[in-house]
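Fold and contact review
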Amino acid sequence: MAENVHFQLERMLPELASLEKEHILQKKEIEAIVKRRTELEYSVHRRISRLPDYLRYIEYETNLDRLCRKRIERLRPAKPGEFPLPVPGMRGHSVYENAADGEEDAHKRAIRAQKLRIESIKAASEVRIRSLYTRALRTFPADLPLWFQYFDWCRSVRNNRFLSGAFARGIEAHPTKPAIWIMAAKWEYEGNKSVRAARILMQRGLRLNNDSREMWLEYFRLELHWIYKLQRERRALFGPIEERRKKAAAAAATALSLEALSTATTEDDEGPQDPTSIPEMGVERGLPRSRLETDPVLAASLDRDAAQSSLGLPADGSEPVSVFERVLQESLIPRAVYRNAIH
């Protein structure tokens with residue numbers, strides 16, 4: 001037991017050295033912290049572990065982390081780029097002395113180095129509290145309030161990596177507890193903005209808890225909220241649905257009126273047409289009529305031939321042809337030749 005206690009205390013030495021170096025805690029305060037942590041470590045490493053000992057240790061570390069964060073806020077610059085005000089003992093630091101001498105580069109380096117050290121102190125504190133929760137949950141995995149307290153702490157520090165791992169371990173330890181599934185799905189939907197992951201969690205939870213009324217209601221609420229969100233985004237982009245329907249109806253009516261007007265104009269310009277008639281080459285290509293077509297003598301001869309052919313008599317006085325042959329000669333063959341010519 002003593003070896004484990006000393007091992008845990010040795011892991012805290014770099015963090016305590018950084019706190020003293022940055023003048024966040026004084027030397028007497030660090031000595032009191034080491035003494036109190038030693039007592040708490042012995043209490044959680046006893047032969048028969050007790051949950052109140054872990055809770056007391058977690059509460060002490062949480063309060064200490066909150067105190068350190070408040071003192072760090074006091075050292076933060078009042079304006080972006082402004083150097084923090086010195087506190088007693090800070091002038092002995094070489095980087096601060098260079099910055100006080102007016103060197104701009106040293107000033108920027110000091111601010112950047114201080115931010116990195118402070119972030120490392122915060123991260124070390126979070127890792128230590130997380131390790132305490134992990135040790136407590138490994139010893140008491142059936143305690144649901146402890147799991148919920150762990151979830152709330154991960155959410156308070158805004159660490160998505162911690163919270164994702166916490167939900168995974170909680171679901172693994174309690175797959176038949178709908179509350180953990182619902183909390184995990186709600187975090188995926190509201191925190192990570194991922195409706196797909198939330199759906200997957202709810203569906204997996206319903207497979208194991210298909211008789212849970214609470215899970216079905218939460219799943220239904222999730223889908224309704226997602227539909228409402230889509231409708232709100234669509235309304236913001238395209239306007240209300242009534243206006244869209246009116247615009248669509250007006251556009252359809254305009255298109256129909258333009259189509260009807262173009263059809264009527266085409267029929268008036270072209271007039272009734274025989275579907276079996278062959279258009280003239282000049283008219284088809286937009287060219288003027290030839291002199292042969294406008295010659296009156298040729299036109300009279302053509303009219304006479306047309307009258308004879310209408311009676312079924314050939315123009316040259318030969319034997320009359322059948323109706324089939326006349327249609328073939330006058331309609332089908334010329335149309336086929338015309339198609340081949342224009343194509």
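Residues numbered from 1 in each chain as written. Predicted model: local features only at pLDDT ≥ 70, side-chain atom pairs only at ≥ 80, totals over all residues. Heavy atoms only, no water.

Turning our eyes to something else, we now look at the overall build of the protein chain. Within the protein chain, the secondary structure is distributed over 16 helices and zero strands. Among the 343 residues that make up the protein chain, the fraction classed as buried is 27%. (Helix = DSSP H or I, 4+ residues; strand = E, 2+ residues; numbered from the N terminus. Buried < 20%, exposed > 50% of the residue type's maximum accessible area, 1.4 Å probe, protein only.)

On to the packing of aromatic side chains, then. Following the criterion strictly, the structure yields nine aromatic pairs and no others. Relative to phenylalanine 140, the ring of tyrosine 54 lies with its centre 6.2 Å away and its plane at 80°, an arrangement referred to as edge-to-face. Within this pair, whereas tyrosine 54 is found in helix α4 (residues 51-75), its partner phenylalanine 140 is found in the loop between α6 (104-139) and α7 (144-157), the two being separated by 86 residues in sequence. Their ring planes at 15° and their centres at 6.5 Å tell us that tyrosine 150 and tryptophan 153 sit as a pair that is stacked. One end of the pair, tyrosine 150, and the other, tryptophan 153, are both in helix α7, three residues apart, so they sit about a helical turn from each other. Stacked on the ring of tyrosine 60, the Lys or Arg arginine 36 has its end atom at 6.0 Å from the ring centre. (Phe/Tyr/Trp six-rings, centres within 6.5 Å; stacked < 30°, edge-to-face > 60°. Lys NZ or Arg CZ within 6 Å of the ring centre and 35° of its normal.)

With that settled, the discussion passes to helix α11 (residues 213-238). Note on helix geometry: an α-helix contains 3.6 residues per turn, so any two residues three or four positions apart are oriented the same way. The end-to-end C-alpha distance of α11 is 37 Å, a good match for the 38 Å that 26 residues give at a rise of 1.5 Å each. Among the residues of α11, Met215, Tyr219 and Leu222 are the ones counted as buried. If you follow the buried residues of α11, they end up packed against α9 (178-190) and α10 (195-208). Directly after α11, the chain includes glycine 239, whose backbone phi takes a positive value near 90°. (Expected span 1.5 Å × (residues − 1). Contact = heavy atoms within 4.5 Å.)

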